[in-house]
Amino acid sequence: MERAGGSRRLSIPSTQVLEEQAQESDDLTDSEESIYSGLEDSGSDSSTEEEEAEDQDNGDEGTLKGSSLSKKAQAGVASQKKEQGQCQSLEAESMPSAQQDLPRRDEYEEDTSDEEDVRNTVGNIPMEWYQDYPHVGYDLDGKRIYKPIRTKDELDKFLDKMENPDYWRTVQDKLTGVDVRLTDEQVELVQRLQKGQFGDVHLNPYEPAVDFFSSQVMIHPVTNRPADKRSFIPSLREKEKVSKLVHAIKMGWIKPRKPKEDTPSYYDLWAQEDPNSILGRHKMHVPAPKLRLPGHEESYNPPPEYLLSEEEKLAWEQQEAVERKLNFLPQQYRCLRAVPAYARFIHERFERCLDLYLCPRQRKMRVNVDPEDLIPKLPKPRDLQPFPTTQALVYCGHTGLVRCLSISPSGQWLVSGSDDGTVRFWEVSSARCMKTLPVEGVVKSIAWNPNPAVCLVAVAVEQSVLLVNPGLGDKLLYGATDQLIEAYKPPEEERLQPVTWAVAAGAEHSRGVRLIIRHGKPVKQVTWHPRGDYLASVLADDSHTQVLIHQASKRWSQSPFRRSKGQVQCVLFHPLRPFFFVATQRYVRLYNLLKQELAKKLLTNCKWVSSMAIHPAGDNLICGSYDSKLAWFDLDLSTKPYRVLRHHKKALRSVAFHKHYPLFASGSDDGSVIVCHGMVYNDLLQNPLIVPVKVLKGHAPTRDLGVLDVLFHPTQPWLFSSGADTTIRLFA
Amino acid sequence: MAQLQARFFTENHMYVVDDVPFSIPAASEIADLSNIINKLLQAKHENHKYVEFDFLVKGQFLRMSLVKYMEAENISTEEVVEIEYVEKYTAPQPEECMFHDDWISSIEATEEWILTGSYDQTSRIWSLEGKSIMTIAGHTEVVKDVAWVKKDSLSCLLLSASLDQTILLWEWNVERNKVKALHCCRGHAGSVDSIAVDCTRTKFCSGSWDKMLKIWSAVPTDEEDEIEEAANRPRKKQKIEQLGLTRTPIATLSGHTEAISSVLWPDAEEICSASWDHTIKIWDVETGGLQSTLTGNKVFNSISYSPLCRRLASGSTDRHIRLWDPRTKDGSLVLLSLTSHTGWVTSVKWSPTHEQQLISGSLDNVVKIWDTRSCKAPLYDLAAHEDKVLCVEWTEAGLLLSGGADNKLYSYRYSATASDVGA
């Protein structure tokens, strides 16, 4: 490698030299013809000699080749003759390698190093010094060597360049100033050097090297030099150094190194780990289960009671292998010598190994938790009295399924609407039907005015809402209600309304109907504002007018929404604040009626909301859905349900809150009513307590419908439920 | 078989046996004990006829075998058991069934007549034999309660309270069988559910759904009280409809927070009222103030007071009849509850002659006769009604009456008291 590098280093200046020569040839006077042409011939002998010498060099030592080359290059620079010779040598190098096998000769036989081709004797000086002179130096005789006459102008040069095919290989010799045409061999050499290859074609740069100065001690020394004297005499400086160290050790300044601890230092990665943690179980080793020791049965001569009788043997053979109590037949042998080799030994060993290998052994993590402890501590239903527990009264009279219920604010009268096209008024305490009001069509919804000073019932029948004065209770009250209705004066200019208000007359009036609000579409639900003047109705429609708010005293209706947000299931007024709940299939929206904006949107997580009810304090809402869920919302807490109860087996039809007692109930298609204790605390930090307390059964499911409506008595812990079995039941 | 030492005693002189301990089988029941007593009596009196007895151990009727009862009550079987025996009350004999046109809401009976109020807005007078004597129509709504004020041979005064918020005072001329509305008592703002006449028969009180208790004069006069009416009220129509002279209350007692369901006027100074607000209040008539309050935990339907044992019995919207002491100061102590009904107890009535017996009617269609010495089981069940029993009555003559939603009024003759009169 080194040699290669060396040669490259050498080769590059040589090319530079050539180029420089080429450049200079331009500058120098033009003399194309070599004036030393005769010289070339004359120097041919010496060149051959040199060539031979070169060959010998190559043959002897590759390492010295570089130096010889450099010598040659210098020689080439030094004299023209030498250069000539070199050209020859290059030619020779390109010759087949047969010459290498020439017999070795004395390399100094024809040493021509001191008779170099010195045609110019100026020596190794910058030739620019002769730039201004007509000559370039002096020959051996001391005569000036004149530069060749250069008469070529640029045009001639150009023509020469164009016409002379050897122009590209013509260089100027600096020493003599003559143009020299490089031979093919020389060109090849230049190209090789330019490529970074060795000048010698036959040189193998990767010949196996002989390591003379190896680490191994050979029997023959590399050098014949005798050993130094100092290698025999102890060193004085070392002695001083050692005595200093000894002194330091004696004085205790240097202490011996601590002996290295032999124990390898390991890091226990799992030292900190809790063995009870999940990863810890990997460390838990479970020893393989031990085989049972052989008993009397295994004996070669078992006691007779261990030997099987013929029947037992037969039974044993007929049994499945897994069912057998013993996996072998106890056998009796005369002596131990007579016992044959156990045929299944390998088989059983193998199976045991399989068992141990394939059946993972692990300790079962048994959690010692009493399941009772996991149940949250709920108060006993007994401590949450009162709540309805037993059926007390059955209100019979309807002939169709009873869809809706409502109760007078005093709790004396109950009103029910049915599919048989009647509205019935009942006395709560005796289940007596006091009045029957026939209407044309199915009664979808009914609502008694919550204002105790007004005796008015809103009934949704087909496409209209009837305002009925039942004529029950205080005479003064229902008389005043009638007066209130009659005292209405129509406004001066007619206002455009989405519905038409009509005053009932004739037979209808005598039956108690006072006002009829005719909607264009079937009415699904009516509900009163707690003050009792406004009522909202829901139409079976998809447009934005599906919710209407009516003002009974002014006989004025309006559609509060500009756009429809989906099919509205039910609506509800907030008991205290001017809020309005609108339940669509999946969401409950809470609108602020004063600001006329959406205040909240509750996500019910139900598929289809069927009903909702609000806690009398107004901060909690329950939603029943047809996918048998009841969602309790804490309006202050979140827009998601605080609790979802899935106690019913079928769709919920109705939910209700009690006005005074912490109770709520849900009625379902499975015919049951579930009463829950739902305590709401005044302390905002305390979450509501919800405890299911009672399942009330009584309604017989009819045509897949059970309980259609539930309702609490306003003052007593009593629950009314109406069902598809045409009855209304009171639970107390 | 185990034996028990028992000593028998009775307060009826006719059936006294020797006061010595007998050894009787522990498992003996009422019939066995009754046989023993009868045998003893036969041994004493030649001409003794077989009598059925009922037995009391420590004041409670024996309704199972003796040993079981003693185990249940933790009575030692080592000592001599004191067993009281009384003649067994004979079952009430059904007498009449009086058909009404509508539900019967109330009954009040005298020695000769029965007054009933009905949901068909009329009151009726029946003879004890079940003959309809008179139908009194005048109310525009359901008659909720009726009461006799005065019973003379010539003319009687009677009251009917109705859902139409009025109480009508009627005069019934017995000879001519004519009835005339004397006064129309106005002032309640809700249905009048209950009325009670005082001992002097000159005043009565009424309890209404409007939470008020009002005291009225029951003396017929010729003058009409003035009512301050609201100016805008159309009076004309009502004037025409109204029967009798308008009467206004003497006093109004307010204090209940819910409807009053039942009122009593047990003696001259006191009025008891039971309400839906779960309380029984006792009022002082003179001052019009509240004397004491008994607090229950259910709505009261009906109360009854027995001057013999000085207890209040209440029927409420659950299965129990509760006995209260009206004199007690801490007012929520139930002395006893009688439990056997399966529905709300709508009506209770003490026996006017027997201090331990009462009758009750319930929504489970059954009328029960109770003895306070047997609180788990009634003496007799009268299961004649086919619908809700709404009212019961017990006359001094030993007639039991019950009316209900099946439009029928049943009467029973019950002679149990006869043997006890001498006691």
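Chains are numbered independently. Their residues run from 1 in the order of the written sequence. Going through the entries in the order they are written, you letter the chains from A and number the ligands from 1. Where totals are concerned, whole chains, interfaces and linings use all residues; where local detail is concerned, this predicted model gives features only for residues with pLDDT of at least 70, and gives and counts side-chain atom pairs only at 80 or more. Side-chain measures were taken over the full set of non-hydrogen atoms in the model, leaving aside hydrogen atoms and water.

- With an unreviewed UniProt entry as reference, chain B is termed Ribosome biogenesis protein WDR12, source organism Gopherus agassizii.
- UniProt positions are given in the numbering used here, feature names are shortened, and annotations may be inferred rather than shown by experiment. UniProt lists a comment for chain B under the heading Sequence similarities (unreviewed entry), and it reads "Belongs to the WD repeat WDR12/YTM1 family."
- Per its UniProt entry, chain B bears the Function (unreviewed entry) comment "Component of the PeBoW complex, which is required for maturation of 28S and 5.8S ribosomal RNAs and formation of the 60S ribosome."

- Looking up chain A in an unreviewed UniProt entry gives the name Ribosome biogenesis protein BOP1, with the organism given as Gopherus agassizii.
- The UniProt entry for chain A carries the following text under Sequence similarities (unreviewed entry): "Belongs to the WD repeat BOP1/ERB1 family."

Structural notes on the overall build of chain A
Then, number 1: Each helix corresponds to a stretch of at least 4 residues labelled H or I by DSSP, and each strand to a stretch of at least 2 residues labelled E; elements are numbered beginning at the N terminus. Secondary structure assignment for chain A yields 13 helices and 33 strands.
Then, number 2: For the exposure calls, accessible area comes from a 1.4 Å probe over protein chains only, and a residue counts as buried if that area is under 20% of its type's maximum, exposed if over 50%, partly exposed in between. Within the span of chain A, comprising 732 residues, buried residues form 39% of the whole.
Then, number 3: A contact between two residues is defined here by any heavy atoms of the two lying within 4.5 Å. In chain A, the proportion of contacts linking residues at least 24 apart, taken out of those at least 6 apart, comes to 52%.
Then, number 4: Approximately 44,800 Å² of chain A is accessible, and the part contributed by carbon and sulfur atoms is 54%. Computed by Shrake-Rupley with a 1.4 Å probe, the accessible areas treat only the displayed protein chains as cover when residues are assessed.

Focus: the overall build of chain B
Then, number 1: For chain B, the helix and strand inventory stands at four helices and 34 strands.
Then, number 2: Expressed as a percentage of the 423 residues in chain B, the buried residues total 56%.
Then, number 3: In chain B, 49% of the contacts between residues at least 6 apart in sequence involve partners at least 24 apart.
Then, number 4: Accessible surface, chain B: about 18,200 Å² in total, of which carbon and sulfur atoms supply 47%.

Here's the deal with a negative patch on the surface
Then, number 1: A grouping of A:Glu310, A:Glu311, A:Glu312 and A:Glu317 is seen on the molecular surface, where their side chains present a negatively charged patch.
Then, number 2: Along the polypeptide, A:Glu310 turns up in helix α9 (residues 310–318). Two distance rules govern patches: like charges are joined within 9 Å, and nonpolar side chains (Val, Leu, Ile, Met, Phe, Trp, Tyr) within 5 Å, applied only to residues with over 30% relative accessible area and no salt bridge. Any Lys or Arg side-chain nitrogen located within 4 Å of an Asp or Glu carboxyl oxygen qualifies as a salt bridge. Residues scored as positive are Lys and Arg, those scored as negative are Asp and Glu, and His as well as the terminal groups of each chain are ignored. Note on charges: their place is set at NZ of Lys, CZ of Arg, CG of Asp or CD of Glu.

A closer look at the interface of chain A and chain B
Accessible area lost when the parts come together is the quantity often used to give the size of an interface.
Then, number 1: On the chain B side, the residues contacting the 24 residues of chain A number 25 residues.
Then, number 2: Here chain A packs against chain B, burying approximately 2,200 Å² in sum over the two surfaces, 54% of which is carbon and sulfur.
Then, number 3: Buried area, as used here, totals the accessible surface that two parts lose on assembly, with accessibility defined by a 1.4 Å probe and the loss added over both. Of all residues in chain A, the largest losses of buried area upon contact with chain B belong to A:Gln412, A:Arg432 and A:Lys475, amounting jointly to 27% of the total for that side.
Then, number 4: Taken together, the connections running from chain A to chain B amount to two salt bridges.
Then, number 5: Here B:Asp102 makes a salt bridge to A:Arg432, at a shortest N to O gap of 2.5 Å.
Then, number 6: Whenever two N or O atoms come within 3.5 Å, that pair is a polar contact, provided that in protein one can donate a hydrogen and the other can accept it, and provided that, for residues adjacent in sequence, both atoms are side-chain atoms. Linking chain A to chain B there are nine residue pairs in polar contact (both at pLDDT 80 or more).
Then, number 7: At the level of elements, β5 (391–395), β9 (432–438) and α12 (475–486) of chain A are the ones that each hand at least two residues to the side of chain A that touches chain B.
Then, number 8: Three residue categories are used. Nonpolar comprises Ala, Val, Leu, Ile, Met, Phe, Trp, Tyr, Cys and Pro, charged comprises Asp, Glu, Lys and Arg, and polar comprises the others, including Gly. Here the side of chain A that touches chain B is composed, by residue class, of 10 nonpolar, 10 polar and four charged.

A word on the nonpolar core
Then, number 1: Residues A:Val423, A:Phe425, A:Val457, A:Val459, A:Leu466 and A:Val468 are the most contacted members of the largest nonpolar core, which totals 28 residues.
Then, number 2: Looking at this core, the elements that each hand over two or more residues are β7 (413–418), β8 (422–427), β9, β10 (443–448), β11 (457–461), β12 (464–468) and β14 (513–518) of chain A.
Then, number 3: Among all residues touching A:Phe425, those that are not within four sequence positions of it are A:Leu414, A:Val415, A:Arg432, A:Cys433, A:Met434, A:Lys435, A:Leu437, A:Trp448, A:Val457, A:Val468, A:Pro470 and A:Leu472.
Then, number 4: Throughout this description, the term nonpolar core refers to a set of buried Ala, Val, Leu, Ile, Met, Phe, Trp, Tyr and Cys residues connected via side-chain atoms within 4.5 Å. Counting 24 residues, the second-largest nonpolar core is a separate cluster that includes B:Phe8, B:Ala26, B:Tyr69 and B:Ile83.

Some details on the packing of aromatic side chains
What describes a pair of aromatic rings is the distance from one ring centre to the other and the angle between the planes of the rings.
Then, number 1: Stacked, edge-to-face and tilted labels apply to pairs of Phe, Tyr and Trp rings (six-membered ring for Trp) whose centres lie within 6.5 Å, assigned for plane angles under 30 degrees, over 60, and everything in between, in that order. Under the criterion given, the structure shown has 26 aromatic pairs over all chains.
Then, number 2: For the pair B:Phe53 and B:Tyr85, a centre-to-centre distance of 5.2 Å together with 90 degrees between the ring planes defines the contact as edge-to-face. One end of the pair, B:Phe53, is in strand β3 (residues 53–57); the other, B:Tyr85, is in strand β5 (residues 81–87), with 32 residues separating them in the sequence. Note on accessibility: B:Phe53 and B:Tyr85 belong to one class, buried.
Then, number 3: Counting as a charge over the ring demands two things of the Lys NZ or Arg CZ atom: a distance within 6 Å of the ring centre and an angle within 35 degrees of the ring normal. Looking at A:Arg324, its charged tip hangs above the ring of A:Trp316, at a distance of 3.9 Å from the centre.
Then, number 4: Residue placement shows A:Lys601 over the ring face of A:Tyr587; its charged tip is 4.2 Å from the ring centre.

Quick look at the sheet that holds strand β4 (residues 60–61) of chain B
All names here are of chain B.
Then, number 1: Spatial strand order, β2-β1-β5-β3-β4: five strands in an open sheet with mixed pairing. Each having just a single partner strand, β2 (22–25) and β4 make up the two edges of the open sheet.
Then, number 2: Bridge count between strand β1 (residues 3–9) and β5: four bridges; the pairing is parallel. Directly across from Phe8, in β5, lies its bridge partner Ile83.
Then, number 3: Helix axes are fitted to C-alpha atoms over the stretch in contact, other axes to C-alpha atoms as well, and angles between N-to-C directions run from 0 to 180 degrees. Most of the contacts of helix α1 (residues 30–44) go to β3, to which it runs at about 110 degrees, and overall it touches β1, β2, β3 and β5. By definition, two strands form a pair when at least two bridges between them are found by DSSP.

Describing a positive patch on the surface
Residue and element names in this part refer to chain A.
Then, number 1: A contiguous patch of positive charge, built from Arg562, Arg563, Lys565 and Lys601, is present on the exposed surface.
Then, number 2: Inspection of the secondary structure puts Lys601 in strand β22 (residues 597–603).
Then, number 3: With a relative accessible area of 33%, Lys601 lands in the partly exposed category.

Let's talk about the UniProt feature "repeat: WD" (unreviewed entry) in chain B
All names here are of chain B.
Then, number 1: As recorded in UniProt, the sites labelled "repeat: WD" (unreviewed entry) are residues 136–171, 185–217, 253–293, 302–325 and 338–374.
Then, number 2: Across residues 136–171, helical content stands at 0% and strand content at 67%; the span's end C-alpha atoms are separated by 10 Å.
Then, number 3: Segment residues 185–217 splits into 0% helix and 58% strand. End C-alpha atoms: 9 Å apart.

Describing α1(B)
Residues and elements named next belong to chain B.
Then, number 1: The span you would expect from a helix comes to 1.5 Å times its residue count less one. Compared with the 21 Å implied by 1.5 Å per residue over 15 residues, the 21 Å span of α1 between its first and last C-alpha is a close match.
Then, number 2: Regarding α1, the residues found buried are Ile30, Leu33, Ser34, Ile37, Asn38 and Leu41. End-on, the buried residues of α1 take up no more than an arc of 135 degrees, which puts them together on one face. In this structure, α1 carries Lys39 and Ala43 as exposed residues pointing more than 90 degrees from its buried face.
Then, number 3: Against β1, β2, β3 and β5 lie the buried residues of α1. What the arc measures is the spread of directions leading from the helix axis to the C-beta atoms.

Quick look at the state of the cysteines
Then, number 1: Our working definition of a disulfide is a cysteine sulfur pair at a distance within 2.5 Å. Summed over all chains, the structure comprises zero disulfides over all chains.
Then, number 2: A:Cys570 takes part in no disulfide bond, and the closest cysteine sulfur to it belongs to A:Cys623, at a distance of 6.8 Å.

Thoughts on the sheet that holds strand β32 (residues 389–394) of chain B
Residue and element names in this part refer to chain B.
Then, number 1: Within the open sheet, the four strands sit side by side as β6-β34-β33-β32. Their pairing is antiparallel. Each of the sheet's edge strands pairs with one partner strand only, and the pair in question is β6 (93–99) and β32. Pairs of neighbouring strands in the sheet enclose a mean axial angle of 20 degrees, with direction left out of account.
Then, number 2: Bridging between β6 and strand β34 (residues 408–413) involves five bridges; their strand directions are antiparallel. Among the inter-strand pairings, Pro94 is bridged to a residue of β34, identified as Tyr412.

Comments concerning the pairing of strand β22 (residues 279–284) of chain B
Residues and elements named next belong to chain B.
Then, number 1: Counting buried positions along β22 gives six out of six residues, so the element sits mostly inside the fold.
Then, number 2: Inspection of the sheet shows strand β21 (residues 270–275) paired to β22 by five bridges, in the antiparallel sense. Note on β22: the bridge partner recorded for Cys272 is Ile282.
Then, number 3: As defined by bridge partners, β22 adjoins strand β23 (residues 290–295) across five bridges and the pair is classed as antiparallel. Across the sheet, the residue bridging to Ile282 is Ser292, located in β23.
Then, number 4: Between the antiparallel neighbours β22 and β23 lie five residues, among them Gly288 with a positive phi of about 75 degrees.

Topic: the pattern of salt bridges
Then, number 1: As enumerated under the stated definition, the model contains 28 salt bridges over all chains in all.
Then, number 2: The partner of A:Glu427 in a salt bridge is B:Lys144, and the shortest N-O contact between them spans 2.4 Å. Here A:Glu427, found in strand β8, pairs with B:Lys144, found in strand β11 (residues 143–151), and the two come from separate chains. Like B:Lys144, A:Glu427 is buried.
Then, number 3: Between B:Glu386 and B:Lys408 there is a salt bridge, with the nearest N and O atoms lying 3.1 Å from each other.

A few points about a nonpolar patch on the surface
Then, number 1: On the surface, a nonpolar cluster with roughly 520 Å² of combined accessible area is contributed by A:Leu245, A:Ile249, A:Met251, A:Trp253 and A:Ile254.
Then, number 2: Among the structural elements, A:Trp253 can be located in the loop between α8 (236–251) and α9.

Quick notes on the confidence of the model for chain A
It should be kept in mind that the predicted coordinates are not to be read in detail where pLDDT is low.
All names here are of chain A.
Then, number 1: For every residue, the predictor assigns a confidence score, pLDDT, that lies between 0 and 100. Residues with a pLDDT of 70 or more make up 82% of chain A, whose mean pLDDT is 79.
Then, number 2: Averaged pLDDT values for the elements of chain A fall to 41 in helix α2 (residues 37–42) and rise to 94 in α8.
Then, number 3: Note on residues 1–102: pLDDT is under 50 here. Beyond four places in sequence and across chains, it has 147 contacts.

Focus on the confidence of the model for chain B
All names here are of chain B.
Then, number 1: In this model, chain B carries an average pLDDT of 82, and 93% of its residues clear a pLDDT of 70 or more.
Then, number 2: Of all the helices and strands in chain B, helix α4 (residues 417–421) carries the lowest mean pLDDT, 44, while strand β28 (residues 345–350) carries the highest, 90.
Then, number 3: Ignoring residues within four places in sequence, the model shows residues 229–240, a span with pLDDT below 50, making nine contacts including any to other chains.
Then, number 4: In the predicted structure, residues 417–423 sits below a pLDDT of 50 and forms seven contacts with residues beyond four places in sequence or in another chain.
Then, number 5: Taken together, the chains of this predicted complex give a pTM of 0.66 and an interface ipTM of 0.86.

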